[in-house]
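# Secondary and tertiary structure notes
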Amino acid sequence: MWTIRSKIEIGITEGCSAMDLCVKLAPTEDKQNLRDLLTRYLLELSRYGDVDTAYPYFGSYWDNNEPRWPYLARHGSENVGFALVNTWSPSSKGTDFAMAEFYIAPHARKSGVGCEVAKRVLTQHPGIWELSITSLNDPAKRFWPKAIKASQATGIEQIETEDEIIYRFAIR
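Presented here is an overview of the structure given in this document. Predicted, not measured: the structure shown is a model, and the values here were computed from it.

### Considering the overall build of the chain
Of the regular secondary structure elements, the chain holds three helices and eight strands. Ordered by position from N to C terminus, the α and β elements of the chain give β-β-α-β-β-β-α-β-α-β-β. When burial is assessed residue by residue, the chain has 48% of its 172 residues classed as buried. Across the chain, contacts joining residues at least 24 apart in sequence account for 58% of those joining residues at least 6 apart. A total of about 9,100 Å² of accessible surface is found on the chain, and carbon and sulfur atoms cover 48% of it.

Structure follows, in structure tokens:
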């Protein structure tokens, strides 16, 4: 398990000028915390189409036999987001890593937290990455190009289908 910490300037709450952002692999003890955030995320995601709120692969993120990584993002002691990373290729071209799910709590958005969390997670896994977003999710369509660029990705490819956009890129 590793932890990355840094000070970044944001204004999540009035009077808060800087925050200590921690992004780490979520140990089993944090499984319920991550599940609570996942439930909020899936509810929010359901605005854009059908969502399986049972999320059958959730438990496998703590199975050592599976290539999956559950990350939790915290501001102080508050959980502000998560990232679920696996190796499934949305494009079917094959990939080293995929951002299966990514969520930042509404109060922490538009502050740089999401971009910073994405950058930290992506750069922990050098290789070919993919992530997909539904074509109806306008906030994600604005966020991901910026986050991918901030991660200094190369070879960025955008694959558009009828109902989703797939980003494919390399992290060195």
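### Here we look at the pairing of strand β3 (residues 69–75)
Where burial is concerned, most of β3 is hidden: six out of the seven residues are buried. As paired elements, β3 and strand β4 (residues 78–86) share seven bridges and run antiparallel to each other. Pairing of Trp69 across the sheet is with Val85, part of β4. Two successive antiparallel strands, β3 and β4, enclose a turn made up of two residues, where Gly76 displays a positive phi of approximately 60 degrees.

### Side note on the nonpolar core
In this structure, Met99, Val117, Val121, Trp129, Trp144 and Phe169 are the most contacted members of the largest nonpolar core, which totals 29 residues. If one sorts the elements of this core by residue count, helix α2 (residues 113–123) sits on top with five residues. Excluding residues within four positions of it along the chain, Met99 makes contact with Ala83, Leu84, Val85, Val121, Leu122, Trp129, Glu130, Leu131 and Trp144. Counting 15 residues, the second-largest nonpolar core is a separate cluster that includes Leu37, Leu38, Leu72 and Tyr103.

### Describing the layout of surface pockets
Of the voids in this model, the largest pocket is the one considered here, and its volume is about 1,600 Å³. The wall of the largest pocket is formed by 44 residues, among which Tyr41, Leu45, Phe102, Ile133 and Asn137 lie closest to the centre. Breaking the lining of the largest pocket down by element, the ones donating at least two residues are α1 (31–45), β5 (97–104), α2, β6 (127–134) and α3 (138–150). A total of seven residues in the lining of the largest pocket trace back to one element, the largest contributor, which is β5. Broken down by class, the residue content of the lining of the largest pocket amounts to 25 nonpolar, eight polar and 11 charged. The calculated volume of the second largest pocket comes to roughly 220 Å³.

### Examining the environment of Lys31
Along the chain, Lys31 turns up in helix α1. When the C-alpha positions of Lys31 and Gly59 are compared, they lie 8.5 Å apart, and in sequence the two are 28 residues distant. Those residues within four positions of Lys31 in sequence are excluded, and the remaining contacts are Phe58, Gly59 and Trp62.

Thresholds applied
- Residues numbered from 1 in each chain as written.
- Predicted model: local features only at pLDDT ≥ 70, side-chain atom pairs only at ≥ 80, totals over all residues.
- Heavy atoms only, no water.
- Helix = DSSP H or I, 4+ residues; strand = E, 2+ residues; numbered from the N terminus.
- Buried < 20%, exposed > 50% of the residue type's maximum accessible area, 1.4 Å probe, protein only.
- Contact = heavy atoms within 4.5 Å.
- Areas by Shrake-Rupley, 256 points an atom, 1.4 Å probe, with all protein chains shown as cover.
- Pairing = 2+ DSSP bridges.
- Core = buried A, V, L, I, M, F, W, Y, C linked by side-chain atoms within 4.5 Å.
- 1 Å grid on protein atoms, 1.4 Å probe; cavity = no way out; pocket = protein on both sides within 12 Å on 5 of 7 lines; lining within 4 Å.
- Points joined across faces, edges and corners; volume = space filled by probe spheres on them.
- Nonpolar A, V, L, I, M, F, W, Y, C, P; charged D, E, K, R; others polar.

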